Amino acid sequence: MRITDSILYVGVNDHDIDLFEGQYPMHDGISYNSYLILDEKTALMDSVDAAKTQEWLTNVEKALNGRTPDYLIVQHLEPDHGGSLLAVCEKYPEMKLVMSAKALGMLPQFGFGALAARAAAVKENDTLSLGGHTLRFMMAPMVHWPEVMTTYEESEKVFFSADAFGKFGALDEDDGEPWVNEAREYYINIVGKYGGPVQTLLKKASALKINVICPLHGPVLNENLGYYLDKYNTWSTYAPEENGVLIAFGSLHGNTGKAARALAEMLKEKGEKVEVCDLSRDHMSEAVADAFRFDKLVLASPTYDGGIFPFVETFISHLKAKAYQKRKVGFIENGSWAPMAAKQMKAMLEGCKELAFCDTVVTVKSTLNGQSEAQLQALAQELLRE
Ligand code: FEO
């Protein structure tokens, strides 16, 4: 695949992976992107996961068409990108490595200590001329690891953005789903904790004229770039993306689920956008992404062993880990003899910034009755007032 006349895509798709980072189910695979810049000198942008080393090396060799790479630019050492470093360095012994000082220091941790002798560290705004192309390096610590850097190619205005602007889903798995859904899920779950560093990178990017964004996962972005930059600005400032309610529930025997769905119907009748998520069955990473997408969240949990239902507790832990904030939250609890989940869910969220809690707490005693249905109506009214 050609990005420009002299920049080629040499990445790979991974359909064999079941869980990304050992936890996120990959329904449509993922791509590990890598690019080759052909000029008087040649530069390879990042390697790929070790699961796909041979396929990647074949792509690189074909694209080089008899040449050898002069440089390998290592923007990110995480194994989904650094996993083929040893193999490519063995294949091309003359190739030099270029990376941040932090990445250079981390090489031995991954068993790559021997590569340091052929690696050069670059710092903010250092440049590397390939002939007609000039690479300018911009550090991006904590987007998503501390050693991350990004690269701006000045002549064709191509921004190699490392993990930023990536998304889940292999590139040959185009089912028509818009970029934003898998990109949001990817951003919130993978990079979401690091909104501040992403803001810093966006400020640097705003000073550049960018024609193409080349991320390390997902499609190359080459039109309507303002849309993608705007989404990243929203996500990294933790602002809700749209008005709506995520109702996330756990349910032992279906009764808490019924209460959650009853609330959803009340809200939908009034025209509110609502997603309902069964935390025992639906993907946690999608629920987390939807919690950040909407401005309101309702957590519904049975009281279980005197505490919160385990899947709901796990969900709240994920939200906290990703710096959940700036939203309105309501609670539905169920308890056949001692309901106490609402109090505990609220306590878990107390440390989150700028959360507003609904005054109405819905307490279901085993099954919905007139009293708890009235509480659901009151909660719906409160949510609709926002
Ligand atoms: Fe795609 Fe942070 O690795």
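This text follows the structure it describes.
Throughout what follows, the structure given in this document is the object of discussion. Numbering of residues starts from 1 in each chain and follows the order in which that chain's sequence is written. Residues qualify for local features only when their pLDDT is at least 70, as the model is predicted, and side-chain atom pairs are given and counted only at 80 or more; totals for whole chains, interfaces and linings, by contrast, use all residues. Remark: hydrogens and water are excluded; side-chain values derive from all non-hydrogen atoms of the structure.

### Let's talk about the sheet that holds strand 13 (residues 149-153)
Strand pairing in a sheet is mediated by backbone hydrogen bonds. Such pairs are either parallel or antiparallel. When DSSP finds two or more bridges between a pair of strands, those strands are recorded as paired. Counting from the N terminus, the helices are the DSSP runs of H or I reaching at least four residues and the strands are the DSSP runs of E reaching at least two. Taken in spatial order, the five strands make up an open sheet running 11-12-13-14-15, and their pairing is mixed. Edge positions in the sheet fall to strand 11 (127-129) and strand 15 (212-214), since each has one partner strand and no second. Between one strand axis and the next, the sheet turns through 20° on average, direction left out of account. In this structure, strand 11 lies alongside strand 12 (residues 134-139), joined through three bridges in antiparallel fashion. In the strand pairing of strand 12, L128 is matched with L135. A fitted line through C-alpha atoms represents every axis, and for helices the fit uses only the stretch in contact; the resulting angles, taken between N-to-C directions, go from 0 to 180 degrees.

### Focus on the pattern of salt bridges
By definition here, a salt bridge exists when the distance from a side-chain nitrogen of Lys or Arg to a carboxyl oxygen of Asp or Glu is within 4 Å. A full pass over the atoms with the stated rule returns 15 salt bridges. The residue E242 makes a salt bridge to R293 at a minimum N-O spacing of 2.8 Å. In this pair, E242 is assigned in strand 16 (residues 242-249) and R293 in helix 9 (residues 284-293), connecting sequence segments 51 residues apart. Owing to a relative accessible area of 11%, R293 belongs among the buried residues under this scheme. The salt bridge partner of R281 is D278, with a shortest N-O separation of 2.9 Å. One continuous salt-bridge network, built from bridges that share partners, spans E242, K273, D290 and R293. Exposure classes here rest on a 1.4 Å probe applied to the protein chains alone. A residue is buried below 20% of its type maximum, exposed above 50%, and partly exposed in between.

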